[in-house]
Amino acid sequence: MACNNASPVKAEKNNILKTEHFTIHFTELDSANIGEVADSLENHYDAIVTSLQSSDMPMVYVNFYSKIEDLREAVKEVEPNLTDFAIGLAISVSEIHMLSPNHEGLEFQNMVKNTIHEFVHCVSLNINPEFANNPRWLWESVAQYKSNQLINPKFLGYLLEQTPPSINDLNQFTNMYMYEVGYVVSEYLVATYGESILNKLIANNGDIESTLEMNEEEFTQAWFAFVKEKYEL
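So, here is what we can say about the structure in this document.

**A few points about the overall build of the protein chain**
Within the protein chain one finds 11 helices and 5 strands. Taking 233 residues into account, the globule formula puts the C-alpha radius of gyration at 17 Å, and the protein chain, at 18 Å, falls close to it. Its C-alpha atoms give the protein chain principal-axis dimensions of roughly 55 × 35 × 35 Å. In the protein chain, which comprises 233 residues, the proportion classed as buried is 49%. Contacts spanning at least 24 positions in sequence make up 64% of the contacts within the protein chain whose residues lie at least 6 apart.

The following block contains the structure:
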C-alpha cells in the first residue's frame, strides 16, 4: 500500500517523516526523495510480514546518516567494530540505522532495497529474538530474498566453476558470499518447500537436519542443483 501520510515537505522542519508503520529520521540529503523511500517501505510491508508469518510488528524507527562516522557512533554500543563495507544494520525488532540513500558514492535504488533488507531483519527478530546472525547464512539469505536483491549466478565465477560455498563459508563475516548467493538459497527453499519454510527455519535458528532432514553438505548440493537448473549454469 502506498504511503499517504505526511509529505517530506511537511516533515522537513524536524527531518522526521511518519507513516503507518515507520518513523523515519532523515538527513538534509534526503529531503527531496524521502517520500519515495517511505513509499517503498510501506509498499513492501504487508507482503514481508505476511509471507514470513510474523505476529504484529511495533513501529519501526529508521535512522539515516549523512556520514559513516555518525552511523558508527550511533551503533557503537551494539556493534563497536562495524565492518568497513557496512552501510546499515537493524539493531532490534524496531530500530534500523543506515547511511543516507543519497550518500555520495551509493546508488539510490540499491539503498532503498538495502533499507527494505534491514526491515526484513526486524521482522525476523520479531519471529525469533535470538536469530540475529544465528546462523548468518539464513539471517542474510532471508533478507536478500525478501528485498529482491538477486545477483545472477552467471556472474559468480565460483558457481560457474561448480564450487558453491559451504554453510561454513556462508557463515563467515570475512567474505561476501551471503550477499551474493543469499537470494538463490532462499529461492530454492521456497520453491522446494513452500513459503512457510522460511518461518520454520527462522524459528529454529536454521536447523537444517530437523527441518529438512538433510545434513549441511546435502543442503549445499541441493540448493546448488536447483540453481544450476534454473539459471542454466
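Moving on from the model shown.
**Looking at the environment of N133**
Here N133 lies in the loop between α4 (108-127) and α5 (136-146). As for N133 and H121, which are separated by 12 residues in sequence, their C-alpha atoms are 9.7 Å apart. Beyond its immediate chain neighbours, meaning those up to four positions away, N133 contacts W139, E140 and F173.

**Things to note about the sheet that holds strand β3 (residues 60-65)**
Reading across from one edge, β1-β2-β3-β5-β4 is the order of the 5 strands in this open sheet, with mixed pairing throughout. Strands at the two margins of the open sheet, each flanked by one partner only, are β1 (16-18) and β4 (88-92). Shown here is a sheet whose adjacent strand axes are inclined to one another by a mean of 15°, direction ignored. Bridge count between β3 and strand β5 (residues 95-99): 5 bridges; the pairing is parallel. Note that in β5 the partner of Y65 across the bridge is L99.

**Overview of the pairing of strand β2 (residues 22-25)**
Of the strand pairs in this sheet, β1 and β2 are connected by 3 bridges, and their pairing is antiparallel. In the sheet register, I16 faces β2, and the bridge partner there is H25. Taken together, β1 and the strand that follows it, β2, pair antiparallel across an intervening segment of 3 residues. Pairing geometry for β2 and β3, over 4 bridges, is parallel.

Scoring rules and cut-offs
- Residues numbered from 1 in each chain as written.
- Predicted model: local features only at pLDDT ≥ 70, side-chain atom pairs only at ≥ 80, totals over all residues.
- Heavy atoms only, no water.
- Helix = DSSP H or I, 4+ residues; strand = E, 2+ residues; numbered from the N terminus.
- Rg over C-alpha atoms; globule rule 2.2 N^0.38 Å.
- Buried < 20%, exposed > 50% of the residue type's maximum accessible area, 1.4 Å probe, protein only.
- Contact = heavy atoms within 4.5 Å.
- Pairing = 2+ DSSP bridges.
- Axes fitted to C-alpha atoms, helices over the stretch in contact; angles between N-to-C directions.

It is worth stressing that arrangement in space is one thing and function is another; only the former is reported here.
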